[in-house]
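What follows is the residue order along each chain.
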Amino acid sequence: MDNSTIKGVDNNNSKEYSIHIYSFQIPKGCGRNQVSISIGNQTTRTEFYYELPIISNCSISSDQMIRCLGNFTNYVNYYNNGQIKIQFSNGIVVDDILEKKIIFQSNFFLFPLKPEYGSSDISLIVCDDASPRLKVNISPLLKNINKYPIFNSTGGELLINSENFIPNTSDNTSIYCFSNQQPYNCSFVNYTSITCNIELEGPFDQICQINFNGKSNNNITISYLPPMVLKSTMISNSSIGGFITIIGNEFYNEIDDISVGKSSCSNITFFNSTTISCFIEPLILNNTNQQLLQQQQYINVSINGKSGGNYFIIYSQNPNKVDYNNNSTENNNGSNNKINNGKNGSNNGSEHDKNDNGSIFKRKKWILPIVVIFGFIIVSSLIIYIIYKNKKSRFVLYFKNSFEDAKRNARIKRKEFKYRSELKQFNKRIQEENQPEASSSSPTPQSPPLPQSPPSPPPLQSLSPNQIGKLPDYSATPEN
């Protein structure tokens, strides 16, 4: 109600002051209202609310419409004015869908069933005030399930499509497998689907039962993917055979057979679900088998009656080479896959031949430039080092020879100086001895012959190292 004032009427017209009964004419409305009653100078507050509609029964018709009955005569206009909405206790508000709209009449209302409604209570929200709730039984409807799912080697996930799912539906749904007698719980995804995670390894088919919403339903048969071959190593000597390692998926320890082209593969070893190995029998070389060395061979792996394979080059032309083939990542499960893989093999065969006949540099082209650059750096460094050492040796030799020449020249000069000093002293002494004899009258005696002076040393600049060693020792010259 708005902030309007309503005057009360004294119904008893009593003149007594102790008891008065007043009545008020309340206008038409809905919801709860707060009012203040004033008598004289006294005021009190209270609340009143309008009567709410009551839903008596709801049912689901064959055309997936929910029909609810009750007395809604006084509420049709409120619905038309947008003051009434239909709501489930899980919080979902009913609305229209394409070509199916809500119908609200004086004695019933009708609305289309949607998968997210689920089993829940329903009520009418009139002017933000909820009417008494009524339980609507909407059972989950199993709509679609794959009865023949295919899992990988470690199990898989089963998807159940339905309608009117609620979280409690997944709590009451499970998958029971007879082989290990173990139930697998399911998880709520949305109002139309739940998933069940089944961790059950192959390769043998499994039969399981669906317990949907607390009730047993039909059985399902779980099968597993066939083996998938992705890579294979090669052997270097076909005449003695050899072991190959096969990489792929969906491998089990129960391997029936492995064949490579027309040859059988023995000594099969299972490592894990992605790796197996076997020994290829020796190939007797003749004109026919010689051609096989250049061709791709079909590797076929059979497990539990299921086969899968791929085309690879098996015989390497390089005896030191062990490499993996990477022709294709697709599995060959039928004639179409074999044809496709055959095309892939023929397209990639020439590339494998190049790899087989070439060295590692042809397979890894980035190695060759690195080796060339690295070699150039080493050779350049070596040349620079040799030049440096050669120059250094010549310089040291030149310095050494110069030092030796200086020592020789100094030694010769010392000997020459000594000789000249001694000769000068000798001449001086002779002159002193001859002066007294010249002044006397006696006949001049004949002077003794002077000692012959030793030969002068040759010029320094014309001496060779050999001549320097043959010079006379002037220090040993006798004196008179």
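Shown above is the structure to which this text applies.
Each chain carries its own residue numbering, running from 1 in the direction its sequence is written. Local features in a predicted model are, by the rule used here, given only for residues with pLDDT of at least 70; side-chain atom pairs are given and counted only at 80 or more, and totals for whole chains, interfaces and linings are based on all residues. Only hydrogens and water are set aside; all other atoms, that is, all heavy atoms of the structure, feed into the side-chain values.

**Q** Which residues make up the sheet that holds strand β8 (residues 103–104), and what values do they have?
**A** The four strands lie next to each other as β5-β6-β9-β8, forming an open sheet whose pairing is antiparallel. The open sheet terminates on both sides in strands that have one partner only, identified here as β5 (55–60) and β8. Where strand β6 (residues 65–70) and strand β9 (residues 108–112) come together, five bridges link them in antiparallel fashion. Looking at β9, one finds that cysteine 68 is bridged to phenylalanine 109. In short, DSSP must find at least two bridges between two strands for them to pair. Strands here mean DSSP runs of E at least two residues long; helices mean DSSP runs of H or I at least four residues long; both are numbered from the N terminus.

**Q** Describe unusual backbone geometry, with residues and values.
**A** The amide bond that connects glycine 202 to the next residue, proline 203, takes the cis arrangement and shows omega of 5 degrees. Assignment of secondary structure puts proline 203 in the loop between β18 (193–198) and β19 (206–212). Despite not being glycine, aspartate 128 shows a phi value in the positive range, around 70 degrees. The residue aspartate 128 is located in the loop between β10 (120–126) and β11 (129–130) in this model. Burial classes: relative accessible area under 20% of the type maximum marks a residue as buried, over 50% as exposed, and values in between as partly exposed (1.4 Å probe, protein chains only). Look at aspartate 128 and you get exposed, because its relative accessible area is 79%. Unusually for a residue other than glycine, asparagine 304 sits at a positive phi of about 55 degrees.

**Q** If you had to explain the side chain of serine 131 to someone new, which residues and values would you point to?
**A** Among the secondary structure elements, serine 131 is positioned in the loop between β11 and β12 (134–136). With relative accessibility at 4%, the residue serine 131 sits in the buried group. Each polar contact in these results corresponds to two N or O atoms within 3.5 Å; when the atoms are within protein, one needs to be able to donate a hydrogen and the other to accept it, and residues that are neighboring in sequence are counted only if both atoms are side-chain atoms. A polar side-chain atom of serine 131 sits 2.8 Å from the main-chain amide nitrogen of leucine 124.

**Q** Any details on the environment of tyrosine 252? Residues and values, ideally.
**A** The residue tyrosine 252 is located in the loop between β22 (242–249) and β23 (255–260) in this model. Judged by relative accessible area, tyrosine 252 falls into the buried class, the value being 7%. Sequence separation between tyrosine 252 and threonine 274 is 22 residues; the distance between their C-alpha atoms is 8.7 Å. By definition in these notes, contact holds between two residues if any of their heavy atoms fall within 4.5 Å. In this view, tyrosine 252 contacts Asn152, Ser153, Gly202, Pro203, Tyr224, Phe270 and Ile303; residues no more than four positions away in its chain are not counted.

**Q** Residues and numbers for the side chain of serine 123, please.
**A** Looking at the secondary structure, you find serine 123 in strand β10. Residue class for serine 123 comes out buried when judged on its relative accessible area of 5%. Discounting chain neighbours no more than four positions away, the residues touching serine 123 are Ile55, Lys85, Ile86, Gln87, Ala130, Ser131, Pro132 and Arg133.

**Q** For the pairing of β10, give the residues involved together with the corresponding values.
**A** In terms of burial, β10 is a largely internal element, six of the seven residues being buried. Of the strand pairs in this sheet, strand β7 (residues 84–88) and β10 are connected by five bridges, and their pairing is antiparallel. When the sheet's bridge partners are listed, isoleucine 86 is paired in β10 with leucine 124. Pairing of β10 with β12 involves three bridges; the strand directions are antiparallel. Bridged to aspartate 121 within β12 is lysine 135. Relative to β11, β10 runs antiparallel, the two being bridged by two bridges. By the bridge assignment for β11, isoleucine 125 is matched with alanine 130. With antiparallel pairing between neighbouring strands as the criterion, β10 and β11 make up a hairpin whose turn holds two residues, including cysteine 127 at a positive phi of roughly 50 degrees.

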